[in-house]
Amino acid sequence: TCRLPHTLVSSCPNPRCLSAVGTLSVVQQLVEALDPKEIDQTLEDGKTALMLACKIGHPMTAKVLLGAKADPTLCDLRDKGADGFSPIMHAALFGHVECVATVLRHVGQDKAMHQALLREHNGNNFTALHLAALHGQRRVVQLLLRERAEVDSPNAQGETPLHVSSKNGHAQAVCALDALSLIHISE
């Protein structure tokens, strides 16, 4: 349970309470009340508070969690029936461009971690770019392309993000991906 000031809810499942709360000041108090080792504690489904914040689209909560040293490279646990999604994969799937940007800004100058987040594949061998393209999340696709996500990375079926986007009829995402492909061909 969370050890909170008695003016806040006295007990809640940790870390669910961190991501389910929309008020930033409450989230900050919850994080401050945690033992630092608890920041990446997982729920029964294998998700951390950072994954949940990115999945539901709370970039400020994600920023607080990252500031408290939440690990942006963790993936939800596949043995719990999850798909092995990282925080940016959750955000990309649901079109939460600000959450993707928050996580990538946080890793900042750590180029190796930045590229690892962009190249990470889940259990179906999908990257964050695949997931955004699959669901037509044009703004996320554009952000990931600006951040140098690998446009030609294949999934388990050999499909690139352009393939999955066009197969699912997401014209705007196709245009964003196709424009980058043409640039690569002309180089």
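The rules we used
- Residues numbered from 1 in each chain as written.
- Predicted model: local features only at pLDDT ≥ 70, side-chain atom pairs only at ≥ 80, totals over all residues.
- Heavy atoms only, no water.
- Helix = DSSP H or I, 4+ residues; strand = E, 2+ residues; numbered from the N terminus.
- Buried < 20%, exposed > 50% of the residue type's maximum accessible area, 1.4 Å probe, protein only.
- Contact = heavy atoms within 4.5 Å.
- Arc of directions from axis to C-beta.
- Polar contact = N/O pair within 3.5 Å; in protein donor to acceptor, adjacent residues only side chain to side chain.
- Core = buried A, V, L, I, M, F, W, Y, C linked by side-chain atoms within 4.5 Å.
- Axes fitted to C-alpha atoms, helices over the stretch in contact; angles between N-to-C directions.
- Parallel < 35°, antiparallel > 145°, perpendicular 65-115°, else oblique.
- Left-handed = near helix turned anticlockwise from the far one by under 90°.
- Nonpolar A, V, L, I, M, F, W, Y, C, P; charged D, E, K, R; others polar.

Attention now moves to the side chain of His90. Take His90: it is sitting in helix 5 (residues 87-94). On the basis of relative accessible area, His90 is assigned to the buried category, the value being 3%. In contact with His90, other than residues within four places in its own chain, are Lys47, Met51, Cys54, Lys55, Asp76 and Phe85.

Listed in full, the buried residues belonging to helix 2 (residues 24-33) are Val27, Leu30 and Val31. Viewed end-on, helix 2 has its buried residues packed into an arc of 100°, placing them on one side of the element.

By secondary structure assignment, the location of Ala70 is in the loop between helix 4 (59-67) and helix 5. Sequence separation of Ala70 and Ile39 is 31 residues, and the distance between their C-alpha atoms is 5.7 Å. Filtering out sequence-adjacent residues up to four positions away, Ala70 remains in contact with Ile39, Asp40, Leu50 and Leu65.

Here His130 shows up in helix 8 (residues 128-134). Residue classification places His130 among the buried positions, given a relative accessible area of 0%. At 2.9 Å, the side chain of His130 and the side chain of Thr127 are in polar contact. A polar side-chain atom of His130 sits 2.9 Å from the main-chain carbonyl oxygen of Glu159. Setting aside anything within four residues of it in sequence, one finds His130 in contact with Asn125, Ser153, Pro154, Asn155, Glu159, Thr160, Pro161 and Val164.

Counting 43 residues, the largest nonpolar core has Leu50, Cys54, Leu65, Val100, Val140, Val141 and Leu144 as its most contacted members. Mapped onto this core, the elements with two or more residues apiece are helix 2, helix 3 (49-56), helix 4, helix 5, helix 6 (97-107), helix 7 (111-119), helix 8 and helix 9 (138-146). It is helix 6 that provides the largest number of residues to this core, a total of seven residues. In contact with Val140, not counting residues within four places along its chain, are Ala92, Gly95, His96, Val97, Val100 and Ala132.

Listing the buried residues of helix 9 in full gives Val140, Val141, Leu143, Leu144 and Leu145. A positive phi of about 75° marks Arg148, the residue just after helix 9.

The geometry of helix 6 relative to helix 7 is characterised by a closest axis approach of 8 Å and an angle of 150° between their N-to-C directions. Compared by their axis directions, helix 6 and helix 7 come out roughly antiparallel. Note that helix 6 runs across helix 7; the crossing there is right-handed. Residues Val103, Leu104 and Val107 of helix 6 lie in contact with helix 7, whose contacting residues are Met113, His114, Leu117 and Leu118. Looking at the contact of helix 6 with helix 7, its residues break down into six nonpolar, one polar and no charged.

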